[in-house]
Amino acid sequence: MNKIRIAVDCMGGDYAPEEIVKGCILAYKEFGIESYLVGDRDAILRILKREGVKENGLKVVHAEDKVEMNEPASVVLKKKNSSLYVAGMLVRRGEADGLVSAGNTGAVLTVGKFVVGAEEEVERPTIGVVLPNPEGKTVLLDVGANVDCKPKHLLQFAVIGHTYAEEILGIKNPRVGLLSIGEEEGKGNELVKETYPLLKASKLNFLGNAEGRDIYAGTFDVIVCDGFVGNVILKASESLGFAVLQMIKEEVKKSLLARIGALLMKPALNNFKKKADFAEYGGIPLLGAKKPVIITHGRANAKAIKNAIKVANEFLVHHLNEKLRENLVKLIPEEVKV
């Protein structure tokens, strides 16, 4: 396999280009992963010089424009000189093997779908997120790419999630659930009711409906839902995690005994924080795109960017898309395809 190189949008995110460039440097130093650093050439070179890094495996590609966080997603297709669009075109032309951006999420999705493009067998690429649980990890998808879905889309999401869980997370024969308001067959809205028999007739390890309580319980390895529901869960989870940590901090301040207890529990609390830290996971992938497209948080620091590049690299090393194409044929019998 030829040397992998990831195109990184260096102008997207709250801390661009500083933290983005530093993340590329870390990925190169720690993992040997090369990157195209796309953005304001002079600004990027200043950072590389200050960090004592020569281009070599980090190639700078100039882009004179950028997509702002508050701009409509579709504007990226008009801003052909923006760092995000230029990075997407590097992937489309085969000069880069994947894309990483901390920029405007909608714009990254647009580039992923219409510039990088979707696998022919995949009707709709989906965003998947890895959530921690006491047993390990759970893949939830879709979390925002597809607000309105049909049963056939959720069926494909399940196969995509199965493939990701097996190939990237190392979970053999992952347990798949369909998010609903009750575990019994027949519970849920029309989308859930119509999707259930398709999943049941597939060759997936489908265990039935998953309820909200199952998301963090480790009952399922893959849970599928439409992007509207998934995005609400994702945003609520982020908010809850932050709120819990803030409430713990406030309670600790109230007494000396609490502060002593917190000091003794610090290693355990740090481990918990690490599990919930988005920077550890790098970003969320647009699954079903022709090449890896990793969307990381707007507040991404160098560590998050480094790990996002690592995730993109893992997609390629594990031949995820090749496995996905195989699974779409193997796990969905002809009579189930709609």
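A brief structural summary. Keep in mind the model is a prediction, meaning the values are calculated, not measured. (Residues numbered from 1 in each chain as written. Predicted model: local features only at pLDDT ≥ 70, side-chain atom pairs only at ≥ 80, totals over all residues. Heavy atoms only, no water.)

With that settled, consider unusual backbone geometry. Put simply, alanine 16 and proline 17 share a cis peptide bond, and its omega is -5°. With respect to the helices, strands and loops of the structure, proline 17 is situated in the loop between β1 (5–9) and α1 (18–31). For the bond running from leucine 141 to aspartate 142, omega is 10°, close enough to zero to count as cis. Inspection of the secondary structure puts aspartate 142 in the loop between β6 (136–141) and α5 (151–167). Although it is not a glycine, asparagine 173 adopts a positive phi angle of roughly 45°. Mapped onto the elements of the fold, asparagine 173 is located in the loop between α5 and β7 (175–179). With phi around 50°, histidine 319 is a residue other than glycine that occupies positive phi space. The topology assignment puts histidine 319 in the loop between α10 (302–317) and α11 (320–330). (Helix = DSSP H or I, 4+ residues; strand = E, 2+ residues; numbered from the N terminus.)

Turning to the sheet that holds strand β11 (residues 293–295), a few remarks are in order. The strands making up a sheet associate through hydrogen bonds between their backbones, and the pairing can be parallel or antiparallel. Sheet architecture is open: 11 strands sit in the order β3-β2-β1-β4-β11-β10-β5-β6-β9-β7-β8, paired in mixed fashion. In this open sheet, the two edge strands, each paired with only one partner strand, are β3 (58–62) and β8 (205–210). Pairs of neighbouring strands in the sheet enclose a mean axial angle of 25°, with direction left out of account. Two elements, strand β5 (residues 126–133) and β6, share 6 bridges in a ladder whose sense is antiparallel. Its bridge partner being in β6, asparagine 133 is matched across the sheet by glycine 136. (Pairing = 2+ DSSP bridges. Axes fitted to C-alpha atoms, helices over the stretch in contact; angles between N-to-C directions.)

This part is about the pairing of β6. Hairpin geometry of β5 and β6 is characterised by an intervening segment of 2 residues between the two adjacent antiparallel strands. The pairing of β6 with strand β9 (residues 222–224) spans 3 bridges and is parallel. Looking at β9, one finds that leucine 141 is bridged to valine 224.

This part takes up the pattern of salt bridges. Going through the model one piece at a time under the given rule, you end up with 15 salt bridges. Notably, a salt bridge pairs aspartate 221 with arginine 175, separated by 3.0 Å at the nearest N-O pair. One end of the pair, aspartate 221, is in the loop between β8 and β9; the other, arginine 175, is in strand β7, and 46 residues separate them in sequence. Using a relative accessible area of 8% as the deciding quantity, one classes aspartate 221 as buried. Classification of arginine 175 as partly exposed rests on a relative accessible area of 27%. Between glutamate 250 and lysine 253 there is a salt bridge, with its nearest N and O atoms 3.6 Å apart. (Salt bridge = Lys/Arg side-chain N within 4 Å of Asp/Glu carboxyl O. Buried < 20%, exposed > 50% of the residue type's maximum accessible area, 1.4 Å probe, protein only.)

Don't take any of this as a statement about function, it's just geometry.
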